[in-house]
Amino acid sequence: MQRYLGVMSGTSLDGLDIALIRQDQRPTLLAHHYIPMPAELRSALLALCASGPDELARAAMAEQQWVALAAQGIHDLLAREGLHASDIQAIGSHGQTVRHEPARSFTIQIGNPALLAELTGICVVADFRRRDVAAGGQGAPLVPAFHEALFDDSKQPRAVLNIGGFSNLSLIDPEQPVRGFDCGPGNVLLDAWIQQENGASYDRDGAWAASGDLDQGLLQVLLGDPFFCARGPKSTGRELFNLAWLQQHLAALPAIAPADVQRTLLELTARSIVDSLQHAQHGTAELLVCGGGAHNGALMRRLQELLPDCHVASTEAHGVAPDWIEAMAFAWLAHCCLHGIPTNRPSVTGARGLRVLGAIYPA
């Protein structure tokens, strides 16, 4: 039996997801583990998303803390499952993205894979994005090939939507190669706004957004950003969509009640997803949702309202819990790297061709 671990820490910075998979014809989730992100480490990682003093040293210290957290989580998961390091073929470690600027030909994920291999005694595969960027691609999203491997059993056009800090779509059509791209903000603005206004880490079930009213003026201003007019391949990050971006637009408008801002941000997430999907794959029969956004009831209802002819459901409906899809993807990417299987998709990232992604750090 081939077992792989995937470690994913996304742009929401809420914690580390660790997934254990069995790789046969299709990847199967065997176990999982979640570690909340310590507040001090979260602050340090957020600070690295913008220029500041002594960045290299701060990045080195932050990634050491990140790796220690990941290694402890891996040890805990293996102990719980009665497994040893020798039972695992490799760890696929995404690391933590601190900068993503493909227009300037770079993307940076920190996570010291050499240290992770040392602390766990397991081969680590990491640095998945930069080879695609080197080949002229966006380096993101990387999950469409995995989504295709997991959910390509439909004869009708299907889409897989990941809503983390940012949202991205994978378009699975039996008549053509998988396509995909980032749609825009997922939870990143919703989380930032409720943290600022209410001190909560996130809007549970979208309840605060549902209590507000949509502000059409603000929505149109936000949707006017050039990113939403661009067509794929495209990807984005905190470099563009952040609290300062939102506050800049709010400052130019009459005062808006905080709950109404939250409702409008939810609409921005939903509309940017639906507009992207309808333009790129009109007639999608089913939209499968994963990531933290799958638990936002108000957002899921709004997506269904905007897509009356498409069945919107969590990936749970297909037997895969939505919280572990991305961590599973990086476990699968590690398997593919070790076996020389290309996993970028030029139709997604715009790279010059197929590439084997990842760098290998032996145990």
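Residues numbered from 1 in each chain as written. Predicted model: local features only at pLDDT ≥ 70, side-chain atom pairs only at ≥ 80, totals over all residues. Heavy atoms only, no water.

The name given to the chain in an unreviewed UniProt entry is Anhydro-N-acetylmuramic acid kinase, with Aquipseudomonas ullengensis as the source organism. Check the Sequence similarities (unreviewed entry) section of the UniProt entry for the chain; it says "Belongs to the anhydro-N-acetylmuramic acid kinase family." As recorded by UniProt, the Catalytic activity (unreviewed entry) comment attached to the chain reads in full: "1,6-anhydro-N-acetyl-beta-muramate + ATP + H2O = N-acetyl-D-muramate 6-phosphate + ADP + H(+)". (UniProt positions renumbered as here; feature names shortened; annotations may be inferred.)

Counting secondary structure elements, the chain contains 14 helices and 12 strands. Since a compact globule built from 363 residues should have a radius of gyration of about 21 Å, the 20 Å found for the chain is in line with a globular shape. Counting only C-alpha atoms, the chain reaches 60 × 50 × 40 Å along its principal axes. A buried classification covers 56% of the 363 residues belonging to the chain. When contacts within the chain are restricted to residue pairs at least 6 apart in sequence, long-range pairs at least 24 apart make up 69% of them. Carbon and sulfur atoms make up 51% of the accessible area of the chain, which totals about 14,700 Å². In the chain, the 25 positive side-chain charges and the 37 negative ones have mean positions that sit 5 Å from each other. (Helix = DSSP H or I, 4+ residues; strand = E, 2+ residues; numbered from the N terminus. Rg over C-alpha atoms; globule rule 2.2 N^0.38 Å. Buried < 20%, exposed > 50% of the residue type's maximum accessible area, 1.4 Å probe, protein only. Contact = heavy atoms within 4.5 Å. Areas by Shrake-Rupley, 256 points an atom, 1.4 Å probe, with all protein chains shown as cover. Lys, Arg positive; Asp, Glu negative; His and termini not counted. Charge placed at Lys NZ, Arg CZ, Asp CG, Glu CD.)

The biggest cluster of nonpolar side chains holds 46 residues, and the ones touching the most others in it are Leu169, Leu265, Leu268, Leu287 and Leu303. Per-element accounting of this core gives the leading share, nine residues, to helix α11 (residues 258–280). Apart from the residues within four sequence positions on either side, Leu303 is in contact with Leu161, Ile163, Ala270, Ile273, Val274 and Val312. (Core = buried A, V, L, I, M, F, W, Y, C linked by side-chain atoms within 4.5 Å.)

What follows covers unusual backbone geometry. In most cases, non-glycine residues show a negative phi, while peptide bonds are predominantly trans. The step from Ala140 to Pro141 runs through a cis peptide bond, and the omega angle for that step is -15 degrees. Position of Pro141 among the secondary structure elements: in the loop between α4 (130–134) and α5 (144–151). A cis amide bond links Gly232 to the next residue, Pro233, at an omega of 0 degrees. Position of Pro233 among the secondary structure elements: in the loop between α9 (226–229) and α10 (243–251). Residue Asn112 is not a glycine yet carries a positive backbone phi of 35 degrees.

A few words on the packing of aromatic side chains. In the structure shown here, the tally under the stated rule is six aromatic pairs. A ring pair is formed by Phe227 and Phe228, whose centres lie 5.9 Å apart and whose planes are at 80 degrees; its orientation type is edge-to-face. Summarising the burial analysis for this pair, Phe227 and Phe228 share the class buried. For the ring pair Phe228 and Phe241, a centre distance of 5.4 Å and an interplane angle of 35 degrees mean the geometry is tilted. Placement of Phe228 in helix α9 and of Phe241 in the loop between α9 and α10 is noted, with a sequence separation of 13 residues between them. (Phe/Tyr/Trp six-rings, centres within 6.5 Å; stacked < 30°, edge-to-face > 60°.)

Attention shifts here to the domain arrangement of the chain. In terms of domain boundaries, the chain breaks down into domain 1 (2–139 + 323–361) and domain 2 (144–318). On a C-alpha basis, the centres of domain 1 and domain 2 stand 23 Å from each other. Tallying the contact residues gives 26 residues for domain 1 and 31 residues for domain 2. For the pair domain 1 and domain 2, the summed buried area comes to about 2,200 Å², and 55% of that belongs to carbon and sulfur atoms. Across the contact surface, domain 1 and domain 2 share one salt bridge. The tally of links from domain 1 across to domain 2 stands at 11 residue pairs in polar contact (both at pLDDT 80 or more). For the side of domain 1 that touches domain 2, the secondary structure elements donating two or more residues are α1 (39–47), β4 (90–101), α13 (325–338) and α14 (346–349). Considering each element in turn, the side of domain 1 that touches domain 2 owes the most residues, five residues, to α13. (Domains from an automatic or database assignment. Buried area = accessible area lost by both parts, 1.4 Å probe. Salt bridge = Lys/Arg side-chain N within 4 Å of Asp/Glu carboxyl O. Polar contact = N/O pair within 3.5 Å; in protein donor to acceptor, adjacent residues only side chain to side chain.)

Among the residues of helix α8 (residues 216–223), those classed as buried are Leu218, Leu219, Leu222 and Leu223. Around the axis of α8, the buried residues are gathered within 125 degrees of arc, so they sit on the same side. Contacts from the buried residues of α8 go to α9, α10 and α11. (Arc of directions from axis to C-beta.)

Next up on the list: the UniProt feature "binding site: ATP" (unreviewed entry) in the chain. With numbering matched to this structure, UniProt assigns "binding site: ATP" (unreviewed entry) to Gly10, Thr11, Ser12, Leu13, Asp14, Gly15, Leu16 and Asp17. Considering the arrangement of structural elements, one finds Leu13 in the loop between β1 (3–9) and β2 (15–23). With near-sequence residues (within four places) excluded, Leu13 lies in contact with Met37, Arg42, Leu45, Leu46, Gln96 and Arg238. Mapping Asp14 onto the fold places it in the loop between β1 and β2.

As a further point, take the sheet that holds strand β9 (residues 176–185). The strand order β9-β8-β7-β10-β11 describes an open sheet built from five strands, whose pairing is mixed. Looking at which strands have only one partner, the edges of the open sheet turn out to be β9 and β11 (311–314). Averaged over all adjacent pairs, the angle separating strand axes in this sheet is 20 degrees, with direction ignored. Where strand β8 (residues 166–173) lies against β9, seven bridges are found, and the strand directions are antiparallel. Residue pairing in the sheet places Ser167 in a bridge with Gly184 of β9. Contacts from α11 reach β7 (158–163), β8, β9 and β10 (286–290), with the element oriented near 155 degrees to β9. (Pairing = 2+ DSSP bridges. Axes fitted to C-alpha atoms, helices over the stretch in contact; angles between N-to-C directions.)

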